[in-house]
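Listed below, chain by chain, are the residues.
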Amino acid sequence: MPDGFNGLAAEDQLGGTVSVLDAVRSGTARTKPEISRLTGLGRNVVTQRVNQLVATGLLEERGFAPSNGGRHPRTLRFRGDAGHVLVAHMGARHLSVGCVDLRGEITVQQSEGCDVADGPKVVLDRVCELFDQLLCTRPGQVWGIGVGVPGPVDFGSARTITPPGMPGWDRYDVRGHFVQRFGCAVWVDNDANLMVIGEARGGLARGENDVVYLKVGTGIGAGLISNGRIHRGAQGCAGDIGHILAVSGSTVPCRCGQVGCLEALAGGAALIREGMAAGEDGTSSFLGAVVSSGRSVALADVGDALAHGDPVVRELVTTAAQLVGDAAARIVNFFNPGLILIGGSVAHIGDIYLATIRQTVLARALPLATRDLRIARSPLGSHPGLTGGAFLVIDELFSRERLGRWIDQRTPVGRPDLVS
Ligand SMILES: [Zn+2]
């Protein structure tokens with residue numbers, strides 16, 4: 001259900017139209033009598049709104065529902081296949097793209113390695129190529145594009161703002177890059193924000209009002225759902241916890257230019273760096289063998305060493321998890337979430353990682369704040385990020401403002417984003 005859905009409070013015409021559409025597309029009502037009961041709108045008003053939405057191509061009447069006495073009501077269906085949404089989700093080292101229907105279901109997706117440090121032109125041109133490939137297998141109109149990037153984003157202007165470790169991305173017009181090529185509406189957000197939206201709309205955080213998504217990949221970031229809505233903050237960088245001071249007096253440099261940041265000490269890049277050092281000086285025999293074979297240590301090697309019970313690596317991973325747990329405990333005291341989801345590649349390095357975070361949070365946060373707190377692992381993979389990107393776009397397309405402009409101009413079947 002989109003933010004702000006409240007059928008009973010629907011007072012005006014546009015609010016009514018949005019409520020009717022939301023009721024059908026969320027699957028909570030399938031017939032006009034059901035919509036009327038759900039929204040509190042009169043039968044004539046519901047009929048008018050349904051006719052309007054059928055004329056715009058968003059709803060269709062199909063078959064008949066069972067009757068409760070009297071005539072069988074027509075069954076209404078949201079035309080989720082009326083258009084496509086293209087979604088890209090980028091981490092520091094990987095890229096996933098997907099084609100999604102208007103119900104938010106991923107119809108085709110693809111992932112590959114990438115390096116955001118190659119700069120926006122190279123990376124986003126590759127995203128465009130992958131989008132073109134997806135469209136070859138799923139021809140149709142693109143109604144909107146959603147993009148998640150691993151750094152702070154000014155949501156209104158859809159530009160990345162001084163993202164650490166992403167040379168060339170500062171104030172880059174990400175929206176413009178896609179508008180030029182695809183000519184449709186584009187929204188850009190931070191990757192952790194998309195992941196928390198995805199989990200809230202189609203995953204583990206469904207029905208939760210206050211959620212923190214901690215993404216621990218190469219870097220560390222967080223997405224926040226507050227009172228059922230994404231919380232971006234005044235400038236769009238809420239949840240950027242990777243660069244809070246984790247250990248005072250630390251001299252470990254961070255890619256942001258500071259020292260002692262959480263990400264520099266406990267992110268995936270930190271585990272690789274420390275793992276490499278433990279392999280080179282021979283304190284970890286398992287990683288020593290990796291280095292001797294002429295390879296650099298990868299995160300998967302750290303995970304393998306952990307699984308083989310390497311004591312030095314176990315210590316490395318536990319220390320990193322404690323630092324993330326300390327930061328999470330501070331967030332818990334400050335924000336009081338009902339659910340913390342831990343995602344990203346490091347979250348899946350071994351069971352001890354989540355267990356240590358859980359222990360640290362319970363030991364450090366207020367008893368009241370942890371009384372009913374759940375801490376769980378978000379599934380590995382791009383699914384939450386792509387789903388989040390899809391709903392970011394879909395909820396904007398069918399928002400009061402955009403849907404209203406679309407219907408006012410009596411545009412027949414077509415793309416709501418093209419209405420100026
Ligand atoms: Zn930093």
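One structure accompanies this document, and this report is about it. In this text the structure is predicted, and so the values were computed from the model without any measurement. (Residues numbered from 1 in each chain as written. Predicted model: local features only at pLDDT ≥ 70, side-chain atom pairs only at ≥ 80, totals over all residues. Heavy atoms only, no water.)

### Some thoughts on the overall build of the protein chain
Along the protein chain, the regular secondary structure elements total 15 helices and 15 strands. Seen through its principal axes, the protein chain has C-alpha atoms that stretch 80 × 50 × 35 Å. Per-residue burial over the protein chain gives 53% buried out of 420 residues. For the protein chain, restricting intrachain contacts to residue pairs at least 6 apart in sequence, the fraction spanning at least 24 positions comes to 61%. Approximately 18400 Å² of the protein chain is accessible, and the part contributed by carbon and sulfur atoms is 50%. (Helix = DSSP H or I, 4+ residues; strand = E, 2+ residues; numbered from the N terminus. Buried < 20%, exposed > 50% of the residue type's maximum accessible area, 1.4 Å probe, protein only. Contact = heavy atoms within 4.5 Å. Areas by Shrake-Rupley, 256 points an atom, 1.4 Å probe, with all protein chains shown as cover.)

### So, the coordination of the zinc ion
At 2.0 to 2.3 Å from the zinc ion lie its protein donor atoms, namely H243 (ND1), C254 (SG), C256 (SG) and C261 (SG). Angles of 103 to 126° at the metal separate the four donor atoms of the zinc ion, which places the site in the tetrahedral class. One chain supplies every donor for the zinc ion, spaced along it as H-x10-C-x1-C-x4-C. Of this pair, H243 sits in the loop between β13 (229-230) and α7 (262-266) while C256 sits in the loop between β13 and α7; the two residues are 13 residues apart in sequence, bridging distant segments of the chain. A relative accessible area of 22% means that H243 is categorised as partly exposed. (Donors = N, O, S within 2.8 Å, 3.2 Å for Na, K, Ca; no water. Tetrahedral: all angles 85-135°; square planar, octahedral: opposite > 155°, others 65-115°.)

### Describing the pairing of strand β12 (residues 220-226)
The two faces of a sheet get side chains in turn, since along a regular strand they alternate between them. The element β12 is extensively covered by neighbouring structure, given that six of its seven residues are classed as buried. Hairpin remark: strand β11 (residues 211-216) followed by β12, antiparallel, with three residues in the connecting loop. In this structure, β12 lies alongside β13, joined through two bridges in antiparallel fashion. When the bridges of β13 are listed, I225 appears paired with I230. From the end of β12 to the start of β13, which pair antiparallel, there are two residues, and N227 there has a positive phi angle of about 55°. (Pairing = 2+ DSSP bridges.)

### Comments concerning the nonpolar core
Counting residues in each nonpolar core, the largest one holds 44 residues, and the members touching the most others are L214, V317, V324, I340, I342 and Y353. For this core, the element with the highest residue contribution is helix α11 (residues 311-335), accounting for 12 residues. Apart from the residues lying within four places of it in its own chain, the contact partners of V317 are L271, V302, L306, I349, I352 and Y353. Within the second largest apolar cluster, 35 residues are counted, among which are V18, L41, L102 and L397. (Core = buried A, V, L, I, M, F, W, Y, C linked by side-chain atoms within 4.5 Å.)

### Structural notes on the sheet that holds strand β6 (residues 142-149)
Taken in spatial order, the five strands of this open sheet run β5-β4-β3-β6-β10, and their pairing is mixed. Edge positions in the sheet fall to β5 (106-113) and β10 (185-190), since each of these pairs with one other strand and no more. Along the sheet, successive strands turn relative to each other by an average axial angle of 15°, direction set aside. Pairing of strand β4 (residues 94-101) with β5, which is carried by seven bridges, proceeds in the antiparallel orientation. Bridged to V100 within β5 is I106. Sitting on the sheet, helix α5 (residues 174-182) is in contact with β3 (84-90), β6 and β10, with an inclination near 150° to β10. The sheet contacts of helix α6 (residues 191-202) involve β3, β6 and β10, and relative to β10 the element is tilted by about 100°. (Axes fitted to C-alpha atoms, helices over the stretch in contact; angles between N-to-C directions.)

### Things to note about the environment of H308
One can find H308 in the loop between α10 (299-307) and α11. Overall, the relative accessible area of 61% leaves H308 in the exposed class. With 22 residues separating them along the chain, H308 and F286 place their C-alpha atoms 8.2 Å apart.

### A word on the packing of helix α8 (residues 268-280) against helix α9 (residues 285-292)
Packing of α8 against α9 leaves a shortest axis separation of 7 Å and a crossing angle of 85°. Here α9 runs roughly perpendicular to α8, going by the angle between their axes. In this structure, α8 uses G275, M276, G279 and E280 to contact α9, whose residues at the interface are L287, G288 and V291. Across the contact of α8 with α9, the residue classes break down as three nonpolar, three polar and one charged. (Parallel < 35°, antiparallel > 145°, perpendicular 65-115°, else oblique. Nonpolar A, V, L, I, M, F, W, Y, C, P; charged D, E, K, R; others polar.)

### Quick notes on the sheet that holds strand β8 (residues 159-160)
In any sheet, the strands associate via hydrogen bonds between backbone groups, in a parallel or an antiparallel arrangement. Judged by pairing direction, the sheet is antiparallel, and its three strands sit side by side in the order β7-β8-β9 without closing on themselves. Looking at which strands have only one partner, the edges of the open sheet turn out to be β7 (153-154) and β9 (172-173). Bridge count between β7 and β8: two bridges; the pairing is antiparallel. In the sheet register, D154 faces β8, and the bridge partner there is R159.

### Here's the deal with α10
When we look at burial in α10, the residues that qualify are L299, D301, V302, G303, A305 and L306. Two residues or fewer past α10, G309 is found with a positive phi of approximately 80°.

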